[in-house]
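What follows is each chain in one-letter form.
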Amino acid sequence: VITPSEFALDFWKEKSGLKAEQYSVVPHTVLNWKEQNIPIISQKPIKIAYVGHPIYQKGWHTFKKLTETQNNNPDYRFFQFSNIEQKGNFEFIEIAVTKSNRFLMKEELSRHQIDIAILWSLCPETFSFTLYESLAAGCYIITNPYSGNIQNYLMGNPQRGLIAVNQEALI
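What counts, and where the lines are drawn
- Residues numbered from 1 in each chain as written.
- Predicted model: local features only at pLDDT ≥ 70, side-chain atom pairs only at ≥ 80, totals over all residues.
- Heavy atoms only, no water.
- 1 Å grid on protein atoms, 1.4 Å probe; cavity = no way out; pocket = protein on both sides within 12 Å on 5 of 7 lines; lining within 4 Å.
- Points joined across faces, edges and corners; volume = space filled by probe spheres on them.
- Helix = DSSP H or I, 4+ residues; strand = E, 2+ residues; numbered from the N terminus.
- Nonpolar A, V, L, I, M, F, W, Y, C, P; charged D, E, K, R; others polar.
- Axes fitted to C-alpha atoms, helices over the stretch in contact; angles between N-to-C directions.
- Parallel < 35°, antiparallel > 145°, perpendicular 65-115°, else oblique.
- Left-handed = near helix turned anticlockwise from the far one by under 90°.
- Contact = heavy atoms within 4.5 Å.
- Buried < 20%, exposed > 50% of the residue type's maximum accessible area, 1.4 Å probe, protein only.

Draft legend 1. The layout of surface pockets, seen in detail. The space that makes up the largest pocket amounts to roughly 740 Å³. In this structure, the largest pocket is lined by 30 residues; those nearest its centre are Val97, Met105, Phe129, Thr130 and Glu133. Elements with a contribution of two residues or more to the lining of the largest pocket: β3 (46–51), β4 (76–82), α3 (104–111) and α4 (129–136). For the lining of the largest pocket, the element with the most residues is α4, which contributes five residues. Class assignment for the residues of the lining of the largest pocket results in 17 nonpolar, eight polar and five charged.

Take a look at the structure:
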């Protein structure tokens, strides 16, 4: 059995009840860390981004609610990084990662100096490219306990983000 993450392997073992001769975790990508990649929020406003497709399963409704409740708060500035524009209290950054520009999300998150990436997936991710792109850009990650590989990564690397117990805790 080959899976893209420890979370996916554990999930498969738990749910399938099957045994295999061998188990392997082979991530779709790997990050090589340097200490300076840990973000330090030192200026206002704090830049917060939704990264990826704006759909319910990825937590779009939660990000929208966050931007609405914090609309008049000068401490925060919100962004949407996607190829599908939505309207709201945030700046839309059009971005479509393709085979020929695989690092575009990381580059744009860095260029806009995003401090925090909201990765609020409601389904258990087996591997999250947006997690790796956001981490590579130096973003602090905020997620929930249901996001699979995202929350699993943060449990092992708590200095890189926060697992908020629910939408109310996030807000």
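What follows continues from the structure just given.
Draft legend 2. Spotlight on the packing of α3 against α4. At a minimum axis separation of 8 Å, α3 and α4 run at an interaxial angle of 40°. One element, α3, and the other, α4, form an angle in the oblique class. Judged by the twist between their axes, the crossing of α3 over α4 is right-handed. Of the residues in α4, those in contact with Met105, Lys106 and Leu109 of α3 are Glu133, Ser134 and Ala136. Grouping the amino acids of the contact of α3 with α4 by side-chain chemistry returns three nonpolar, one polar and two charged.

Draft legend 3. Examining the side chain of His112 more closely. With respect to the secondary-structure elements, His112 resides in the loop between α3 and β6 (116–118). Classification of His112 as buried rests on a relative accessible area of 14%. Contact partners of His112, with chain neighbours within four places excluded, come to Lys47, Phe79, Phe81 and Ile93.

Draft legend 4. Inspection of the side chain of Gln70 at higher detail. Here Gln70 lies in the loop between α2 (60–69) and β4. Take Gln70: its relative accessible area is 15%, and that puts it in the buried class. Apart from residues lying up to four places away in sequence, Gln70 is in contact with Tyr76, Phe78 and Ile171.

Draft legend 5. Main features of α4. Of the positions making up α4, those classed as buried are Leu131, Tyr132, Glu133, Ser134 and Leu135. Residues of α4 that are buried make contact with β3, α3, β6, β7 (140–143) and α5 (149–156). Phi turns positive, to about 85°, at Gly138, one or two residues after α4.

Draft legend 6. Focus on the environment of Ala164. You can see Ala164 is positioned in the loop between β8 (161–163) and α6 (167–170). When the C-alpha positions of Ala164 and Thr67 are compared, they lie 16 Å apart, and in sequence the two are 97 residues distant.

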